[in-house]
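Residue-level structural notes
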Amino acid sequence: MANTNTLKFYLDRADEARKQAEAATLSHVRDRCRRSEAAWTQLAERVAATEKMRIKQMMLKAASLPE
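Okay, so let's go over this structure. Source: prediction; values computed, not measured. (Residues numbered from 1 in each chain as written. Predicted model: local features only at pLDDT ≥ 70, side-chain atom pairs only at ≥ 80, totals over all residues. Heavy atoms only, no water.)

1. Details of the pattern of salt bridges
In total, this model carries 6 salt bridges according to the counting rule given. Here R13 ties to E16 by a salt bridge, and the two come within 3.4 Å at their closest N and O atoms. Residue R13 and its partner E16 are located together in helix α1 (residues 2–23), separated by 3 residues, close to a single helical turn. Taking the relative accessible area as the measure of exposure, E16 reaches 37% and is therefore partly exposed. A salt bridge links R54 to E51; the nearest nitrogen and oxygen atoms lie 2.6 Å apart. (Salt bridge = Lys/Arg side-chain N within 4 Å of Asp/Glu carboxyl O. Helix = DSSP H or I, 4+ residues; strand = E, 2+ residues; numbered from the N terminus. Buried < 20%, exposed > 50% of the residue type's maximum accessible area, 1.4 Å probe, protein only.)

Here's what the structure looks like:
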């Protein structure tokens, strides 16, 4: 599913930024990487929340269908 791939992509980017921050020797580079990690993490959280809401809506819709 596209959202799953997107979520994985965002989480992978956040992990990469975290690793770069840990390896950075310059404080401004470390700060930039941490900001990048936070941004990627926030995007991943948004995708996860949207997916959770989509599943909930699908379940409510399915429950209201006549059998």
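2. Side note on the packing of aromatic side chains
Under the criterion given, the structure shown has 3 aromatic pairs. Seen in terms of ring centroids, F9 and W40 are 5.7 Å apart; in terms of plane orientation they differ by 85°. Their pairing is edge-to-face. Taken together, the residues F9 in helix α1 and W40 in helix α2 (residues 27–64) connect sequence positions 31 residues apart. Ring centres 5.6 Å apart and planes at 40° place the aromatic pair Y10 and W40 in the tilted group. With Y10 in helix α1 and W40 in helix α2, this pair connects stretches of sequence that are 30 residues apart. Taking the relative accessible area as the measure of exposure, Y10 reaches 18% and is therefore buried. (Phe/Tyr/Trp six-rings, centres within 6.5 Å; stacked < 30°, edge-to-face > 60°.)

3. Focus: α2
Residue pairs spaced three or four apart in an α-helix point in one direction, given the helix's 3.6 residues per turn. Helix length check: α2 (38 residues) gives 55 Å between terminal C-alpha atoms against 56 Å at 1.5 Å per residue, within 8%. Within the sequence span of α2, burial applies to V29, C33, A44, V47 and E51. (Expected span 1.5 Å × (residues − 1).)

4. Here's the deal with the environment of R18
Checked against the element boundaries, R18 lands in helix α1. Note on R18: relative accessible area 28%, which makes it partly exposed. C-alpha separation for the pair R18 and P66, spaced 48 residues apart in sequence, amounts to 49 Å.

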